[in-house]
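Coordinate analysis (summary)
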Amino acid sequence: MLIYYSGEIRFYSLSCLLSFLNLIIFYEIIEKRTNIKTVLYILTALISLSINVYTISILIAQTLFCLFFKKDYKYLIYISIIFLIFFIINYNYLFNITSIYANAAGISTGNFNFKFFIGFFFNIYFSDTYFGMFCLLFLLLFTIIYRTKIIKNELLSLIYLVIIFSYLIPISLAYFASSLLWPRHFLFIVPYILYLISFFIFQIKYTNLRNILIIFIIFFSIFINFKDEKSYLVSKPNPENVLKDILKSDIRKIYIENNLSNFIEDKYILSETNKKIEDYDL
């Protein structure tokens, strides 16, 4: 999925890299704090949050981890610095986004529906409905089995907090803003999911069963790349073909509604009387 979107000028791959790097540095800081690590942590958090605001779930998870697991209240200084600088450098962006979504209150679009609560985007993250369902059920089953070990293991607890809040925050805000819940915005949690699956596989004591699962996952991870249909691929018309069809047709006039006028170039003149764009001769 990251390879697919890397062909576009989007933030998904970079967001995934920086957010994962930020968590690694954070985990090293709680083990041994140094000035260099602290600066790197603040920088990666700021850049990651500025690129993808949804990574705020990682910072929330880290804050709760420090307060309740490590009893490290000094971390509040770091998180305060991060959010202060973030709001200063992104004030205009945040203000505009808030005003845009203010009129969309109460609307739930995107992929926030009943199917979301069945698969939690695993069918999209793993590019196949059945393979995604297997990974989700495997993760849920072993989470229940190793729940005590998860609580005692600091890294596992931190990863679960990240995953939980990465789902909880957009769900909570889904009725506040439209088109809020799209799986590509939350690709940064996929490395954590993969880590948990790998960790649990190697907790299996039966060698044959462990090897079968490893072969099964590797096989499907390769197989899904040869499928023509992938759950994250969106069917879009080729712009060149659409333009050719328009030029070949009898269409000679294009009208654009008034609510899109802000996105129209200066060469198109908006008519305030009929709220349409004046005829543009193809």
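Summary of the structure given here. (Residues numbered from 1 in each chain as written. Predicted model: local features only at pLDDT ≥ 70, side-chain atom pairs only at ≥ 80, totals over all residues. Heavy atoms only, no water.)

1. Some words on empty space enclosed by the protein
Any space left empty among the atoms is revealed by the rolling of a water-sized probe across them. Inspection of every chain in the model, using the stated rule, returns 1 cavity of 30 Å³ or more. Lining the largest cavity we find Ser19, Asn22, Ala45, Ser48, Leu49, Thr55, Ile58 and Leu59. Residue assignment for the lining of the largest cavity shows that the elements contributing at least two residues are helix H2 (12-31), helix H3 (35-51) and helix H4 (56-70). For the lining of the largest cavity, the element with the highest residue contribution is H3, accounting for 3 residues. (1 Å grid on protein atoms, 1.4 Å probe; cavity = no way out; pocket = protein on both sides within 12 Å on 5 of 7 lines; lining within 4 Å. Points joined across faces, edges and corners; volume = space filled by probe spheres on them. Helix = DSSP H or I, 4+ residues; strand = E, 2+ residues; numbered from the N terminus.)

2. Quick word on unusual backbone geometry
The phi dihedral of lysine 71 falls on the positive side, at around 55°, and the residue is not glycine. The exposure class assigned to lysine 71 is exposed, which follows from its relative accessible area of 52%. Even without being a glycine, serine 127 presents a positive backbone phi close to 65°. Mapped onto the secondary structure, serine 127 falls in the loop between helix H8 (122-125) and helix H9 (129-145). (Buried < 20%, exposed > 50% of the residue type's maximum accessible area, 1.4 Å probe, protein only.)

3. Considerations on the packing of aromatic side chains
Two numbers describe a pair of aromatic rings. These are the distance of the centres and the angle of the planes. Here the structure, examined in full by the defined rule, presents 30 aromatic pairs. Plain terms: the ring middles of phenylalanine 86 and phenylalanine 87 are 5.6 Å apart, the flat faces sit at 65° to each other, and that makes the pair edge-to-face. Using a relative accessible area of 4% as the deciding quantity, one classes phenylalanine 86 as buried. Aromatic side chains tyrosine 146 and phenylalanine 200 sit 5.8 Å apart centroid to centroid with 20° between the ring planes, which places their arrangement in the stacked category. Here tyrosine 146 is found in the loop between H9 and helix H10 (147-152), whereas its partner phenylalanine 200 is found in helix H12 (residues 190-201), with 54 residues between them in sequence. (Phe/Tyr/Trp six-rings, centres within 6.5 Å; stacked < 30°, edge-to-face > 60°.)

4. Some thoughts on the nonpolar core
By size, the foremost hydrophobic cluster in this structure holds 64 residues, and its most contacted members are Tyr41, Tyr125, Ile193, Ile197 and Phe200. Of all the elements, helix H11 (residues 154-173) adds the most residues to this core, at 10 residues. Isoleucine 197 has contacts with Phe126, Cys135, Phe138, Leu139 and Ile217, leaving out every residue within four places of it along the chain. (Core = buried A, V, L, I, M, F, W, Y, C linked by side-chain atoms within 4.5 Å. Contact = heavy atoms within 4.5 Å.)

5. Examining the pattern of salt bridges
Once their charged atoms are close, side chains differing in charge can pair, the charge on each being opposite to the other. Using the criterion set out here, one finds 2 salt bridges in the structure. Close ionic contact of aspartate 72 with arginine 33 constitutes a salt bridge, the shortest N to O distance being 2.3 Å. One end of the pair, aspartate 72, is in the loop between H4 and helix H5 (75-89); the other, arginine 33, is in the loop between H2 and H3, and 39 residues separate them in sequence. Classification of aspartate 72 as buried rests on a relative accessible area of 15%. Residue arginine 33 is classed as partly exposed on the basis of its relative accessible area, which comes to 33%. Glutamate 154 is the salt-bridge partner of lysine 70, the closest N and O atoms lying 3.1 Å from each other. One end of the pair, lysine 70, is in helix H4; the other, glutamate 154, is in helix H11, and 84 residues separate them in sequence. (Salt bridge = Lys/Arg side-chain N within 4 Å of Asp/Glu carboxyl O.)

6. Some details on the side chain of threonine 63
One can find threonine 63 in helix H4. Classification of threonine 63 as buried rests on a relative accessible area of 14%. A polar contact is formed between the side chain of threonine 63 and the backbone oxygen of leucine 59, at a distance of 2.8 Å. (Polar contact = N/O pair within 3.5 Å; in protein donor to acceptor, adjacent residues only side chain to side chain.)

7. Here we look at the environment of phenylalanine 216
Looking at where phenylalanine 216 falls in the secondary structure, it is placed in helix H13 (residues 207-223). Residues phenylalanine 216 and phenylalanine 131 lie 85 residues apart in sequence; the distance between their C-alpha atoms is 9.9 Å. Ignoring sequence-local partners within four residues, the contact set of phenylalanine 216 consists of Phe131 and Phe134.

8. Some details on the packing of H3 against H4
Direction vectors running N to C along H3 and H4 enclose 140°, while the axes themselves pass 9 Å from each other. By the angle between their axes, H3 is oblique relative to H4. Each of Tyr41, Ala45 and Leu49 in H3 lies in contact with H4, whose residues at this interface are Ile56, Leu59 and Gln62. Among the residues forming the contact of H3 with H4, the class breakdown is 5 nonpolar, 1 polar and no charged. (Axes fitted to C-alpha atoms, helices over the stretch in contact; angles between N-to-C directions. Parallel < 35°, antiparallel > 145°, perpendicular 65-115°, else oblique. Nonpolar A, V, L, I, M, F, W, Y, C, P; charged D, E, K, R; others polar.)

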